[in-house]
Amino acid sequence: MSVYLGIDLGGTKIAAAAVDVRTGERLLQLIVPTDAHEGPAAVIERMAALAAQVCTQANLALEHIPAIGIGVPGVIDLERGVTVLLPNLPSGWRNVPLAANITHLTGRPTAIINDARAFTLAEATFGAGRDAPSVVGITLGTGIGGGIAFNGRLHLGIDGTAGEVGHMTIDPYGPRCGCGNRGCLETFASGPSITAMGLRAVAQGMTTQIGALVDYDLNKITPGVIARAAENGDTVAREILQRAGSYLGIGIANLITIFSPERIVIGGGLSRLGEWLLEPARAEVTARCHLTPLDRVQIMLAQLGGEAGVIGAAVWAAQRYPAR
């Protein structure tokens, strides 16, 4: 049986899909609200019910599914299948035995993985990195996550913590990060950091269209609004994106120097900004990487979109529980 279930647990929605792990094809995918305010137990029951519903609608017998994989947004205990901290969910899901609970409700072996690692595994297997021996994945959004894959297998390090690219130090005296460090990449190139630069520009009275585009309702400023201003020729907006992209490039240069990967694959909501971030990032890499043959390194956008999470989770389950 080559069809596994992949589940992507998010702060607002849960996606589940039946995935053929030989091809990456999703036979069927369903999405329901997380309703995270109801607490872990209710959400876990909803995930199990969704898994059963996917099987029913795809004409699959749940008991014939070899295993279930779940991508989760936070810190996990990989071997025990326990969530250590999911910061974007109420209560933080501290020490919740997620894998054991899903197995109890579905009867299927269950493996959990960080969602950015699931993204990386999916892109390395079926997406932008599918023909590259080594891939570094970067997810840009509210935070910055990532993963590292060699020959289609994740490099996970101790307890699955390898790949937290958003928390490499870019400036040791920089802003305090939510992780406790100062000057992490996440404090310079994430969605909130780009938004903060736009807010500051408007508050300081700089000549920019950013405020006018949201009728000076500063709560509506987003990276997308800043990109719209940049497309209109706004110099301040372009400088903001240039700066964020340059910081991203410093982080990528570090990753290239350490891992020398054939592919850097960038996904997440902010990847929609495309060349506004990638052009300055590539320029920074060229300026800083002198020991790696950069003509053999590609920095590119992800190809699987929002489906990477469920695909990667299913592939992870297949690697942990191969079909007999």
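Residues numbered from 1 in each chain as written. Predicted model: local features only at pLDDT ≥ 70, side-chain atom pairs only at ≥ 80, totals over all residues. Heavy atoms only, no water.

Draft legend 1. Just helix α10 (residues 308-320), in detail. Spanning 13 residues, α10 covers 18 Å between terminal C-alpha atoms, matching the ideal 18 Å at 1.5 Å per step. Among the 13 residues in α10, twelve count as buried, and that is most of the element. (Helix = DSSP H or I, 4+ residues; strand = E, 2+ residues; numbered from the N terminus. Expected span 1.5 Å × (residues − 1). Buried < 20%, exposed > 50% of the residue type's maximum accessible area, 1.4 Å probe, protein only.)

Draft legend 2. Layout of the pattern of salt bridges. A complete count under the given rule lists eight salt bridges for this structure. Measuring nitrogen to oxygen at the nearest pair gives 3.0 Å for the salt bridge that ties R282 to E275. Residue class for E275 comes out partly exposed when judged on its relative accessible area of 43%. (Salt bridge = Lys/Arg side-chain N within 4 Å of Asp/Glu carboxyl O.)

Draft legend 3. Representation of the packing of helix α7 (residues 223-231) against helix α8 (residues 235-259) in the model. Put simply, α7 and α8 touch, their axes get as near as 7 Å, and they point 125 degrees apart. Here α7 lies oblique to α8, going by the angle between them. Judged by the sense of rotation from one axis to the other, the crossing of α7 with α8 is left-handed. Where α7 approaches α8, its residues I226, A227, A229, A230 and E231 are matched on the opposing element by A237, R238, I240 and L241. Class assignment for the residues of the contact of α7 with α8 results in seven nonpolar, no polar and two charged. (Axes fitted to C-alpha atoms, helices over the stretch in contact; angles between N-to-C directions. Parallel < 35°, antiparallel > 145°, perpendicular 65-115°, else oblique. Left-handed = near helix turned anticlockwise from the far one by under 90°. Contact = heavy atoms within 4.5 Å. Nonpolar A, V, L, I, M, F, W, Y, C, P; charged D, E, K, R; others polar.)

Draft legend 4. View of the sheet that holds strand β12 (residues 298-301). Spatial ordering of the open sheet is given by β10-β9-β8-β11-β12, a layout of five strands whose pairing is mixed. Each edge of the sheet is formed by a strand with only one pairing partner; in this case those strands are β10 (153-154) and β12. Examined bridge by bridge, strand β11 (residues 263-267) and β12 share four bridges and lie parallel to one another. Each bridged residue has a counterpart across the sheet, and for I264 the counterpart in β12 is I299. The sheet contacts of α8 involve β8 (134-140), β9 (144-150), β11 and β12, and relative to β8 the element is tilted by about 160 degrees. This element, helix α9 (residues 275-288), spans β8, β11 and β12 of the sheet and lies at about 165 degrees to β12. (Pairing = 2+ DSSP bridges.)

Draft legend 5. Spatial organisation of the layout of surface pockets. By volume, the largest pocket is sized at about 1,400 Å³. Around the largest pocket, the lining comprises 46 residues; the ones closest to its centre are P73, N88, D115, A116 and T139. Looking at the lining of the largest pocket, the elements that each hand over two or more residues are β1 (3-9), β2 (13-20), β3 (25-33), α3 (115-126), β8, β9, β11 and α10. Broken down by class, the residue content of the lining of the largest pocket amounts to 18 nonpolar, 21 polar and seven charged. The volume enclosed by the second largest pocket comes to roughly 190 Å³. Residue assignment for the lining of the second largest pocket shows that the elements contributing at least two residues are α5 (191-203) and α8. When residues of the lining of the second largest pocket are assigned to their parent elements, the largest contribution, four residues, is made by α8. (1 Å grid on protein atoms, 1.4 Å probe; cavity = no way out; pocket = protein on both sides within 12 Å on 5 of 7 lines; lining within 4 Å. Points joined across faces, edges and corners; volume = space filled by probe spheres on them.)

Draft legend 6. The packing of aromatic side chains, seen in detail. Taken as a whole and assessed by the stated rule, the structure comprises two aromatic pairs. Relative to F259, the ring of F150 has its centre 6.4 Å away and its plane inclined at 50 degrees; by these criteria the two rings are tilted. One end of the pair, F150, is in strand β9; the other, F259, is in helix α8, with 109 residues separating them in the sequence. In this structure F150 comes out as partly exposed when scored by relative accessible area, which is 34%. Ring plane angle 25 degrees and centroid distance 4.2 Å describe the contact between F188 and Y247, whose orientation is recorded as stacked. Separated by 59 residues along the polypeptide, F188 in helix α4 (residues 186-189) and Y247 in helix α8 bring together distant segments of the chain. Pair check on accessibility: F188 and Y247 agree, each one buried. (Phe/Tyr/Trp six-rings, centres within 6.5 Å; stacked < 30°, edge-to-face > 60°.)

Draft legend 7. How the structure looks around the pairing of β2. Among the eight residues that make up β2, seven are buried, leaving the element largely enclosed by the rest of the structure. As paired elements, β1 and β2 share seven bridges and run antiparallel to each other. Bridge pairing in β2 links L9 to I14. Strand direction decides the pairing type here: β2 and β3, joined by eight bridges, are antiparallel.

Draft legend 8. Looking closely at helix α1 (residues 40-57). The terminal C-alpha atoms of α1, which comprises 18 residues, lie 26 Å apart, in line with the 26 Å expected from a rise of 1.5 Å per residue. Where α1 is buried, its residues touch β1, β2, β3, β4 (68-72) and α2 (98-106). The positive-phi residue at the C-terminal boundary of α1 is N59, with phi of around 60 degrees.

Draft legend 9. Just unusual backbone geometry, in detail. Of note in the backbone geometry, S91 takes a positive phi value of approximately 75 degrees without being a glycine. Assignment of secondary structure puts S91 in the loop between β6 (82-85) and α2. The backbone of D215 shows a phi angle near 50 degrees, a positive value even though the residue is not glycine. Position of D215 relative to the elements: it lies in the loop between α6 (210-213) and α7. Classification of D215 as exposed rests on a relative accessible area of 69%.

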